[in-house]
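Structural description and commentary
Each chain, letter by letter, is given below.
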Amino acid sequence: MMTPAASEEPDPREQGSGGGGGGIGPDGGGGPGKGRGRHPAPLDEAAAPGSSALGVITTAVPARLDRLPWSRWHWMIVVGLGTVWILDGLEVTTVGNIASRLSEEGSGLAITSTQVTGLAAALYVAGACSGALFFGWLTDRFGRKKLFMVTLAVYLGATAMTGLSFSAWWFFLFRFLTGFGIGGEYAAINSAIDELIPSKYRGRVDLIINGSYWLGAIGGALLSIVMLNTDYFPKDLGWRLTFALGVVLGLVILLVRRHVPESPRWQLIHGHREDADKLVDSVEREIEEDKHEELPPPAGEITIHERKSIGFGLIAKTVFHSYPKRAVLGLSLFIGQAFLYNAITFGFGAILTKFFDVESGRTGYYFAVIAAGNFVGPLVLGKLFDTVGRRIMIAGTYIMPGILLFITAWLFDRGSLTANTLTACWCVVLFFASAGASSAYLTVSEVFPMETRAMAIAFFYAIGTAVGGISGPLIFADLTESGVPGDTALAFSIGAGLMCAAGIVAAFLAVNAERRSLEDIARPLSQTEKSDGQTPGSGGGQAPVGDTPG
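Quick look at the overall build of the protein
The number of helices and strands found in the protein is 22 helices and two strands. Per-residue burial over the protein gives 62% buried out of 550 residues. Residue pairs at least 24 apart in sequence account for 87% of intrachain contacts in the protein once pairs closer than 6 positions are excluded.

Below is the structure:
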């Protein structure tokens, strides 16, 4: 357990407070606070109704959502929103595995393997960073549902156009636009998931959904084996069909996603209280009918100013001025995981073919095994993020894979590894790293106020990925192209060092957010005091997460 000095000190503008305004407490700890926490007066003033304010309401909707048991409705959310990561995994893995084929004569595209795993990969990530920022801002302004429909449509259209590539510039353009769509998905989907899933399950569900990327990676790896087999498809056709199949899967997800509702938390703040109440009423009735028992009463209420929009200046001030240590934490986690994954996995197929003479059509078998290890990690470790706690698990799932990756780099440089043993090493490393990488998205989506959620996800994803995800593939492509084991080992070591550094930051700054209401972790900017001077529904006197030990 960390000492008070090891975590973020209370700031007068800190958005959560123990008894006086921390939102709704976990597991039933409701009731008005008794002044044990600091009152965030400056941001209360900033959140006061201005030209965009609609009115003041008191509601129990957040507490009603958090006390729901797991149900078929939650499964619908998981399937409708979470399955898009399968598409992302399919997309990225397919491109990595077909890099060697695209560079071969007769592929129908004049492009080199280095351009595919280097420049095209960097453009994909650059598009994702741009899309995250653009769509993240729109998501906080216009709602989660509108944007997660639009971003999926952008992603599908660009993927289809990639499959029709006739020259390198066309391929590069639509790799950027494909990333633009998937970047928007990161902000819209993670916001909606965290706001719809009960606090008791939020950690494990978020990790498993983000980890489902690797189910797509398995599919992409196995699919590439079939599509690159010239006994079945010509060289210039098989790789195009892999993109076409991704579009078909995306259309199925689009049909399911139509039934996923808007976030009631977003509706409350933006003047749609009746819609939010109506939605939660229907979910409660459905669950009570399924389980044949009445739900317990909600833990408490929250009073907020309804607003049409929150200014970007206030969002930036909140994230960096009120929560500076949480901002450092978010950047560290994203930079560490982005460099490791975008630098290493983008070029894995090229490593196998160059150093171990594995045929380009067989790299998919190796990557499928690695992807399986990646998916199993969040699946097995996810529950521990809700029970053991965020700080221990986040730090551990960054430091452990970093150490293991250093060992892998040393063995690779010595020439002690084969294609099979390198794959085994990567399985172990990424079993832990996958849970850590997923926890980066979980962290930034729950430790900042609701009004900033999508934009915070977008910002930290964009900055962290720009540092590690754009520079990583470019550097890594050059290092692997040299054919010198020491150069590739250096790339492994850089990724390992950044993962360990991020884990150390998490050990000191991670927020103990497990099993707690989002409103208790970070007080909404729109939250205000009741006329009697007390905020309803604060968490039973619990101090702001990360500001006190435990």
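The structure having been displayed, the exposition proceeds.
Things to note about helix 6 (residues 144-163)
For the α-helix, the turn length of 3.6 residues means that residues three or four positions removed from each other point alike. Over its 20 residues, helix 6 extends 29 Å from the first C-alpha to the last, a length consistent with the 28 Å expected when each residue adds 1.5 Å. Of the positions making up helix 6, those classed as buried are Arg144, Leu147, Phe148, Thr151, Leu152, Tyr155, Leu156, Ala158, Thr159, Thr162 and Gly163.

Topic: the layout of surface pockets
In this structure, the largest pocket spans a volume of roughly 310 Å³. What lines the largest pocket is a set of 15 residues, and nearest its centre among them are Trp75, Val78, Val205, Ile208 and Ile209. For the lining of the largest pocket, the elements supplying multiple residues, two or more each, are helix 3 (72-82) and helix 8 (202-211). Of the residues in the lining of the largest pocket, the class split is eleven nonpolar, three polar and one charged.

Focus on the environment of Gly179
Inspection of the secondary structure assignment puts Gly179 in helix 7 (residues 168-196). Considered as a pair, Gly179 and Ser130 are 49 residues apart in the sequence and their alpha carbons are 8.5 Å apart.

Side note on the packing of helix 3 against helix 10 (residues 235-257)
Two elements in contact, helix 3 and helix 10, have axes separated by 8 Å at closest approach and are oriented at 140°. Remark: the crossing between helix 3 and helix 10 carries left-handed chirality. Contacts from Val79, Gly80 and Leu81 in helix 3 reach Ile253, Val256 and Arg257 in helix 10. Split into classes, the residues belonging to the contact of helix 3 with helix 10 amount to four nonpolar, one polar and one charged.

A word on the nonpolar core
Phe356 and Phe412 are the most contacted members of the largest nonpolar core, which has 123 residues in total. Top element by residues in this core is helix 19 (residues 419-446). It accounts for 13 residues. If we ignore the near neighbours within four places in the chain, the residues touching Phe356 are Ile351, Phe412, Leu417, Thr418, Ala419 and Leu422. By size, the runner-up hydrophobic cluster in this structure holds 13 residues, among which are Ile111, Val116, Phe172 and Phe243.

As for the packing of aromatic side chains
Each pair of aromatic rings is reported with the distance of its centres and the angle of its planes. On inspection of all chains with the given rule, the structure shows 25 aromatic pairs. Ring geometry for Tyr213 and Trp214: centres 4.8 Å apart, planes at 75°, overall edge-to-face. For the pair formed by Tyr213 and Trp214, the shared burial category is buried. An aromatic cluster of three or more residues is present, and its members are Phe320, Tyr323, Phe448, Phe459 and Phe460.

So, the confidence of the model for the protein
Taken as a whole, the protein shows an average pLDDT of 79; of its residues, 82% reach a score of 70 or greater. The least confident element of the protein, judged by mean pLDDT, is helix 1 (residues 41-46) at 36; the most confident is helix 17 (residues 384-387) at 96. Low pLDDT, under 50, characterises residues 1-53; the predicted model gives this stretch 166 contacts beyond four residues in sequence or across chains.

What to know about unusual backbone geometry
Located in the positive-phi region is His292, a residue other than glycine, with phi close to 55°. You can see His292 is positioned in the loop between helix 12 (273-291) and strand 2 (302-307). Phi is positive for Arg515, close to 60°, though the residue is something other than glycine. Along the polypeptide, Arg515 turns up in the loop between helix 21 (485-509) and helix 22 (518-521).

Quick look at the pattern of salt bridges
As enumerated under the stated definition, the model contains 16 salt bridges in all. For Asp140, the salt bridge identified is with Arg144, shortest N-O distance 2.9 Å. When sorted by exposure, Asp140 lands in the same class as Arg144, which is buried. Salt-bridge contacts for Arg516 lead to Asp520; the nearest nitrogen and oxygen are separated by 1.9 Å. Overlapping salt bridges bring together Arg64, Arg67, Arg273, Asp277, Asp281 and Glu284 as one network.

Quick notes on a nonpolar patch on the surface
Taken together, the side chains of Phe166, Trp169 and Leu173 make up a nonpolar region of the molecular surface, amounting to roughly 340 Å² of accessible area. Within the secondary structure, Phe166 sits in the loop between helix 6 and helix 7.

Concerning helix 7
Counted at 1.5 Å a residue, the expected span for helix 7 with its 29 residues is 42 Å, and the 42 Å between its end C-alpha atoms agrees. Burial of helix 7 is extensive: 25 of the 29 residues sit out of reach of the surface.

Digging into the environment of Leu65
By the element assignment, Leu65 lies in helix 2 (residues 61-66). For Leu65 and Arg265, which are 200 residues apart along the polypeptide, the C-alpha to C-alpha distance reads 9.3 Å. When sequence neighbours within four positions are dropped, the list of residues in contact with Leu65 reads Glu195, Pro198, Pro264, Arg265 and Val280.

Digging into the packing of helix 8 against helix 19
Where helix 8 contacts helix 19, the axes come no closer than 9 Å and their chain directions differ by 125°. The angle between helix 8 and helix 19 falls in the class oblique. For the crossing formed where helix 8 meets helix 19, the hand is right-handed. Side by side, helix 8 and helix 19 meet where Arg202, Gly203, Asp206, Leu207, Asn210 and Gly211 of the first sit next to Ala435, Ser438, Ser439, Tyr441, Leu442, Ser445 and Glu446 of the second. Looking at the contact of helix 8 with helix 19, its residues break down into four nonpolar, six polar and three charged.

Some thoughts on the environment of Thr452
Note that Thr452 resides in the loop between helix 19 and helix 20 (453-481). Taking relative accessible area as the criterion, Thr452 reaches 0% and is therefore assigned buried. Placed 136 residues apart in sequence, Thr452 and Ala316 show a C-alpha to C-alpha distance of 8.5 Å. Thr452 has contacts with Asp140, Ile315, Val319 and Leu525, leaving out every residue within four places of it along the chain.

Calculation rules
Residues numbered from 1 in each chain as written. Predicted model: local features only at pLDDT ≥ 70, side-chain atom pairs only at ≥ 80, totals over all residues. Heavy atoms only, no water. Helix = DSSP H or I, 4+ residues; strand = E, 2+ residues; numbered from the N terminus. Buried < 20%, exposed > 50% of the residue type's maximum accessible area, 1.4 Å probe, protein only. Contact = heavy atoms within 4.5 Å. Expected span 1.5 Å × (residues − 1). 1 Å grid on protein atoms, 1.4 Å probe; cavity = no way out; pocket = protein on both sides within 12 Å on 5 of 7 lines; lining within 4 Å. Points joined across faces, edges and corners; volume = space filled by probe spheres on them. Nonpolar A, V, L, I, M, F, W, Y, C, P; charged D, E, K, R; others polar. Axes fitted to C-alpha atoms, helices over the stretch in contact; angles between N-to-C directions. Left-handed = near helix turned anticlockwise from the far one by under 90°. Core = buried A, V, L, I, M, F, W, Y, C linked by side-chain atoms within 4.5 Å. Phe/Tyr/Trp six-rings, centres within 6.5 Å; stacked < 30°, edge-to-face > 60°. pLDDT = per-residue confidence, 0-100. Salt bridge = Lys/Arg side-chain N within 4 Å of Asp/Glu carboxyl O. Patch = residues over 30% accessible without salt bridge, like charges linked within 9 Å, V, L, I, M, F, W, Y side chains within 5 Å. Areas by Shrake-Rupley, 256 points an atom, 1.4 Å probe, with all protein chains shown as cover. Parallel < 35°, antiparallel > 145°, perpendicular 65-115°, else oblique.

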